[in-house]
Amino acid sequence: MRYPATLSLFLLVASLSLAGLPPARAGESPRPVAFTPPPDREIPAGPFGDLVRKGEKIFTHTGRYAGKYVGNDLTCESCHLDRGRKPYAAPLWGAYVSYPRFRSKNMKVSRLGERIQGCFRFSMNGTAPPLEGDTIRSIVAYSFWMAKGAPVGTPLDGTGMLRMAPPAHIPDPARGKKVYEARCALCHGADGLGTFSGGEVGFPPVWGPRSYNRGAGLAKVAKLAGFIKMNMPLSKGDSLSDRDAWDVAAYVDSQNRPADPRKKS
Ligand code: HEC
Ligand code: HEC
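First things first, this report covers the structure right here in the doc. All values reported here derive from a predicted model rather than from experimental measurement.

## Regarding the site of ligand 2
Taken together, 21 residues surround ligand 2, and among them C184, C187, H188, P205 and M232 come closest. Here H188 contributes a side-chain N or O atom positioned 2.8 Å from a nitrogen atom of ligand 2. P205 is positioned such that a nitrogen or oxygen atom in its backbone is 2.7 Å from an oxygen atom of ligand 2. In this structure the site holding ligand 2 corresponds to the second largest pocket. Those elements that provide at least two residues to the shell around ligand 2 are α9 (185-188) and α10 (221-231). In terms of residues, the shell around ligand 2 owes the most to one element, α10, which gives three residues. Looking at the shell around ligand 2, its residues break down into 17 nonpolar, two polar and two charged. For the shell around ligand 2, the two domains that each supply at least three residues are domain 1 (43-146) and domain 2 (173-253).

Set out below in structure tokens:
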């Protein structure tokens, strides 16, 4: 059969773009789906909305609203940027639809609340709030609301942090120090200890006694490199080369920070 020229061009383009997107086959992981969380104005009035707003407050001002479980100067938002909405900064909408999930860290299928307890213990260098208490219940409600309308059972694009391809060179902390001084010290301080004004943290500490501990996700160089690559310098994500991201991550994670609470020393 003969098609008019424009139609055959259209068919060619259509088949080429389909060729780039083969259907997922059995045994392959499904392709990630894009998702945008709902805007704040859709938080409903009433008890559910109140719990959601409380969760957001704890998330963005963790020391103020859940201080007894916090052992450093970070908030949840220090890493889960844009109030837990930013893709590739482990957004809460992506987290909500990913649990319960098996985690080799504690060899069990964990609920979302248990995963949040983990961030309190390691990333916040604090203690786990009770699973059925107000703190976890509010943050779970905030996450649930943020995932409103998200498809379940299929991975969402931007969930978790970027998984870096293995580095071409062994990450070099000495070179990373130069990257740090040029691209990071301005905000986090040459001493890595962050900045404060009026008792509130301005730029959070990236090492030292008031940062995340050695049991935290970001204490792994690969995880930190992926976080930095997509998110730092703040609002200039994806501007460092992979090599700079690996080296600066190796430098930051070679500095002093609180011990892993699971290890007696
Ligand atoms: C120092 C950085 C940091 C801080 C602070 C932090 N987290 Fe996390 N969080 C991480 C990292 C890293 C992961 C793992 C992401 C991954 O594996 O892709 C994570 C994972 C999570 C997950 C699961 C995400 C997923 O997709 O599986 C949730 C939920 C979560 N954190 C909640 C919190 C809450 C609530 C707080 C505050 C109490 C908090 N986090 C504080 C770094 C942090
Ligand atoms: C323009 C200021 C700015 C620059 C430059 C910057 N950051 Fe950040 N960084 C921030 C802010 C602000 C946060 C916390 C975000 C929030 O609370 O909303 C943050 C969070 C972080 C965190 C997670 C929280 C913590 O304290 O551990 C790490 C790690 C980090 N930055 C590393 C870096 C690295 C490495 C560089 C250089 C490549 C860098 N940042 C450059 C402002 C900056």
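## Focus: the site of ligand 1
Taken together, 24 residues form the shell around ligand 1, and within it C76, C79, H80, C119 and K223 come nearest. Here H80 contributes a side-chain N or O atom positioned 2.8 Å from a nitrogen atom of ligand 1. One of the backbone nitrogen or oxygen atoms of M161 is found 3.0 Å away from an oxygen atom of ligand 1. In this structure the site holding ligand 1 corresponds to the largest pocket. No other element matches the five residues that helix α6 (residues 112-121) contributes to the shell around ligand 1.

The rules we used
- By convention here, each chain's residues receive numbers from 1 onward along its written sequence.
- Chain labels run from A onward and ligand labels from 1 onward, assigned in the order the entries are written.
- At least 70 in pLDDT is required for a residue's local features to be given in this predicted model, at least 80 for side-chain atom pairs to be given and counted, and no such filter applies to totals for whole chains, interfaces and linings, which use all residues.
- Water and hydrogen atoms play no part in the side-chain values, which are based on all heavy atoms of the structure.
- Near is defined per residue: the residue qualifies when any heavy atom it owns lies within 4 Å of the molecule or strand.
- Each polar contact in these results corresponds to two N or O atoms within 3.5 Å; when the atoms are within protein, one needs to be able to donate a hydrogen and the other to accept it, and residues that are neighboring in sequence are counted only if both atoms are side-chain atoms.
- Within this scheme a cavity is a closed region of a 1 Å grid, computed over the protein atoms alone, that accommodates a 1.4 Å probe without allowing it to escape, whereas a pocket is open but has protein on both sides within 12 Å along at least five of seven lines; lining residues each have an atom within 4 Å of a point.
- Think of it this way: if more than half of a molecule's atoms are within 2 Å of a pocket's grid points, that molecule is in the pocket or cavity.
- For helices the rule is a DSSP run of H or I covering at least 4 residues; for strands it is a run of E covering at least 2, with both sets numbered from the N terminus onward.
- Residue type decides the class: Asp, Glu, Lys and Arg count as charged, Ala, Val, Leu, Ile, Met, Phe, Trp, Tyr, Cys and Pro as nonpolar, and the leftover types, Gly among them, as polar.
- Here the bounds of each domain stem from an automatic or database domain assignment.

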